[in-house]
Every structure is written in structure tokens, then in C-alpha cells.
Amino acid sequence: MGDDAQSIYAFRGADIGNILSFQRDYPDATVIRLEQNYRSTRRILKLAEAIIQQNRDQLEKQLWTENPEGDPIMLIEALSERDEAQKVEQRIRDLHVRYGYAFRDFAVLYRTNAQSRSLEEALRRGGIPYRVVGGLSFYQRKEIKDVLAYLRLLVNPHDAASLQRVINYPARGIGQRTVEVLADYARQHGLSLWQAIERVEEVGLPTRAQKAVQEFHFLIARHAAKMDAMPVDELARSLLQESGLLEELRREGTPEALARWENVQELLNAIAEYVATAGEQATLSGFLQEVALLTDLDEMPEDNRVTLMTLHASKGLEFPVVFITGLEEGLFPLAQATQDRKDLEEERRLFYVGVTRAQRHLFLCYARSRYRYGEQQPSVRSRFLEELDTDVIVTEAGLPFRRGEVLDRRPRSDRYVEMDPHYYRQPLQQRRSSGATRRVVYDEGAGEIVPGAAWSMPSSAKARCWRWRGRAIRPGPLSSSLKWARKSSCSNLPASAGSIESGIARARLSCSEQSVWKGSGVIGLSKL
């Protein structure tokens, strides 16, 4: 028994050719097709069919179900991975309240383990319990604990647990015996282990071991001295590069080491995200405090949890509500898989497996930008989304999903590249004063004023100007209401006329045939 559409383990040596060639190799065998689906709604099944039909290497079959039509599949577009994670968290909370689903009814699937970080943080901040299946919680992974130990030493070099964890990782010639000698010296003289390292010349170590300890001390001390002068994300990246940790993972060259390397890169992304959020207030100590608050939640005993797992780990499972995240080129499908048709078809089968885990509700998510190597970079949505049956998909606004974005296109609008992916954390007034051009149109057709640009008055309005009267119209975000009156002469205009100041908006009119409107924020004016 087997399903060619769910052959997703080629990287472990599985060969889909075994099932594709079965009838040719055993012509006398009777083939019984099990085509009825008992799990998913008709819409979900129709979507799955549209996905797998794109593959050339497959056995023909026609899936069907007696289940109801079900809700449309929803496509969620986010500005960043953090925005994506927050939207997932909000949808989980909404369905939990509206439909009464238990948290165990939800599964969030992703292509790579490193993607769990932003999802975990969003769920923790929202107070939603979760579990990571087939792996450890992001901050409980060995490589992440190693990096955090390095960073803690910069803030507090007397942290003995962190010091002992990384003093010889990567291997730098400081063996267990050397550490024991340092610890004995520290106890005898009432010192911390770090203070013993600072006096390593007095400890009596062999020359080679002493030199290795001195180099480690210099590495930590030099970066600790830079904490006030260097941005936190740059400091962390510099420390990891000079420590040799990144090179150690890269040198191993195994799939497991690559996954650990990706996790470390994701932690660096988290630090860069923290710096972008906190701005000038960002400190290494502040980031570590945030991490400490998050990791404390790992101790919560709770059986009713949202499930986070990779798409590979989800095979054979089912959930009433499923989110598939990270549907972007280079991530799903992976960049290397797009170079070979067979690899791409395996990625598509993996997508099929994820979709068919859903029983009642399915959400497909992608982000317009994502942190890579510590920098926010624009993303292109996955080619798989362009292959779907649009009849069963709606957007977040409830509108029909439309295909048509080509794969080599830039994002639909430069706004997605220029827009701050963390826009939702900015105060509302700041966002309105971002400098974006707003067009102000008068209701009597006298023309329009574009902020920062000259405006030619129509002939009927020449020799007229606008006089400040300090009374009410609706100028959008301005705190006071204003009226403008026309007057045939400018001579009686008060000194304050034409000047509006209210938090984010400042406008000035000059009485001339070429009037200039400077400022932004005014979204409507009516004429007396």
C-alpha cells in the first residue's frame, strides 16, 4: 500500500520510482485504488487535486469525498515573518473563541525548523500554549543555547554556567582538565571562574593551554568593550564569526549541521528584529531579558496546545485547522529544489501533504519580506500559489483570489519594499506623518493641491486667496476644525493665517497665483 502523491523522503533515500513502476514490474498484480477521502472538505480536496496535477511523475487517480463543501481556503498575506506569525496567532484566537476549537485542534506547518522562531514568539506573547513536534522549542536547541551563552558572557562574564558551556566550543584547546585547574584556583582564592581566567598567568597551566585561555579571554573582553558603541545585531554577528561557531557548523557539511546553522542565522535575525523595534533603546541586556521571559513559558504544563511542526513531520496526522506558512520562493519551494524538475515535484508533493492534513479549515500564508542574514529582504510569493484552483480560495478581505503575478516580477508595488514591516508597532500619528504624498481636492472643482508641489490656480480663482477664520470644517486628522474663506484681496490676512499646526500637520498657503501647500496629514478641506 502506498500513495505516490505523498512520497516526500527522497533526501532519506526513498525512491518514488518504486511505486510508479509497480504495475510494469508486476503486471499480474491487482491494483485497488482507494480514492475516497474521509478527512477533508470538498474545497480542501479540490485544492489538493489542483496541486498534485502539476506533477508529471504520478499515478492517475480521482479523489472524492462525501464530506460537505466546507469553508473556502483563506490566503493570508503579511508584510514580514513577524506580521505573518501575529496573523496566525490572531486567527487561532478568533477560531478558538468563535467556534470553540481547543488549542490542540490547530496545527501550524512550515518548511524549515528555523521558521518556528517567529511563530513561537507570537504564540507566547499571545499567551497561547503550543508544542513543537519532532524537535525542540527554538530557544531550547543546543546551538541557540550556545549562542545565548556567548552573549550572556558579554553582559555578565561571571556567569559560570555560560562560561563553562562555551569556553571550549568550538574546540580551542581548553580541555576539561584545564577548566578543572581554573575552577580549583578560583575556589582557593575566593574568585569567580572568570577572575581566575583573568589571572591565568598565575594558575600554572601549560604554555599551550594558557595561550588558548588568554585568546578566549581576549575574545570576550574585546566584544564586551564594544557593547556601548556597536549595534547589538552587529556585535552578535561579529562575536559568532570570530568565535568560529558559524564556521564550525558550516564545515561539518551535514544536513543536520546545515539546519543548526540556519537556526543560528534565525537567532541573528531575531536580534536584528529586536534592534529595529527598540531603536536607540536596544541593548544586549534588553534582548536577553526578552528571551528569558519567553523561555520561562517552556515550563508550563499543558496538554491542550497548538502544534508546530515541519511539513515532513506532519505526514500521517490530521487537524481540524491547519496553517501552512512561508509560501515564498526560495523557502517553499527551497531554492535548490527549483533547479531540478524531480526535486521541485517532491516539494509540490510536500505541499500536497500539508494541505491534506486539514479537516475543516485551511490557511495559506506568505510574507512580502523576511529577515535573511540579519537584513530585511523582499520576498516573492511561491509559484505553488499560482497553480491553485482559484474557485476555492479567498483573501483575508473575503475577495476571490486572483492569480497572475509572474515569478520574476518585483512585488506588486514598491510600497511593500519601502514600507516598514513593523508598521503595526508605530504610533498612529507617526505613521500619518511618514511623508507619503496625499492629494487634497476641493469640492467645488477649483483644482487640487499636492503636498510639496506648486499648484496653478484656475483663471476663475486668480487674485483670490484663502483667509484663516479659525472655525470648523473637517480636515481629517487635525485636532481643531477649520474653515477657509475666499477674499478678493490679501491685504487683510492676519499674521497667523494660512498656518496650521497640530501635532503632525503643518500647512502654509501663500497668496499668489502659484500657491504652495507644504505638509501632509490633511485629508479633506471644504470651501466656504
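Residues numbered from 1 in each chain as written. Predicted model: local features only at pLDDT ≥ 70, side-chain atom pairs only at ≥ 80, totals over all residues. Heavy atoms only, no water.

Draft legend 1. Expanded view of the pattern of salt bridges. Within the structure shown, the criterion is met by 30 salt bridges. With a closest N to O distance of 3.0 Å, Arg-98 and Asp-94 form a salt bridge. Placement of both Arg-98 and Asp-94 in helix H4 (residues 81-98) is noted, with a separation of four residues, approximately one turn of the helix. By relative accessible area, which is 28% here, Asp-94 ends up partly exposed. Where Glu-248 meets Arg-251, a salt bridge forms, and the shortest distance between an N and an O atom there is 2.7 Å. Of this pair, Glu-248 and Arg-251 both sit in helix H13 (residues 245-252), separated by three residues, roughly a single helical turn. Residue classification places Glu-248 among the partly exposed residues on the basis of a relative accessible area of 21%. One connected set of salt bridges, linked through shared partners, spans Arg-82, Arg-117, Glu-121, Arg-125, Glu-266, Glu-273 and Glu-290. (Salt bridge = Lys/Arg side-chain N within 4 Å of Asp/Glu carboxyl O. Helix = DSSP H or I, 4+ residues; strand = E, 2+ residues; numbered from the N terminus. Buried < 20%, exposed > 50% of the residue type's maximum accessible area, 1.4 Å probe, protein only.)

Draft legend 2. The nonpolar core, seen in detail. Within the largest apolar cluster, 53 residues are counted, with the highest numbers of intra-cluster contacts made by Leu-148, Leu-151, Phe-216 and Phe-287. When residues no more than four places from it in sequence are discounted, the contact partners of Leu-148 are Tyr-139, Leu-267, Phe-287, Leu-288 and Val-291. Core analysis: the second largest hydrophobic core is formed by 36 residues, Ile-8, Leu-350, Val-353 and Phe-401 among them. (Core = buried A, V, L, I, M, F, W, Y, C linked by side-chain atoms within 4.5 Å. Contact = heavy atoms within 4.5 Å.)

Draft legend 3. Focus on the confidence of the model for the protein chain. Residues at a pLDDT of 70 or more form 74% of the protein chain, whose mean pLDDT is 78. Per-element mean pLDDT across the protein chain ranges from 35 in strand S17 (residues 514-516) up to 98 in strand S5 (residues 319-324). Note on residues 405-419: pLDDT under 50 across the span, and 24 contacts to partners over four residues away in sequence or across chains. Low pLDDT, under 50, characterises residues 421-528; the stretch is placed with 187 contacts to residues that sit more than four places away or in other chains. (pLDDT = per-residue confidence, 0-100.)

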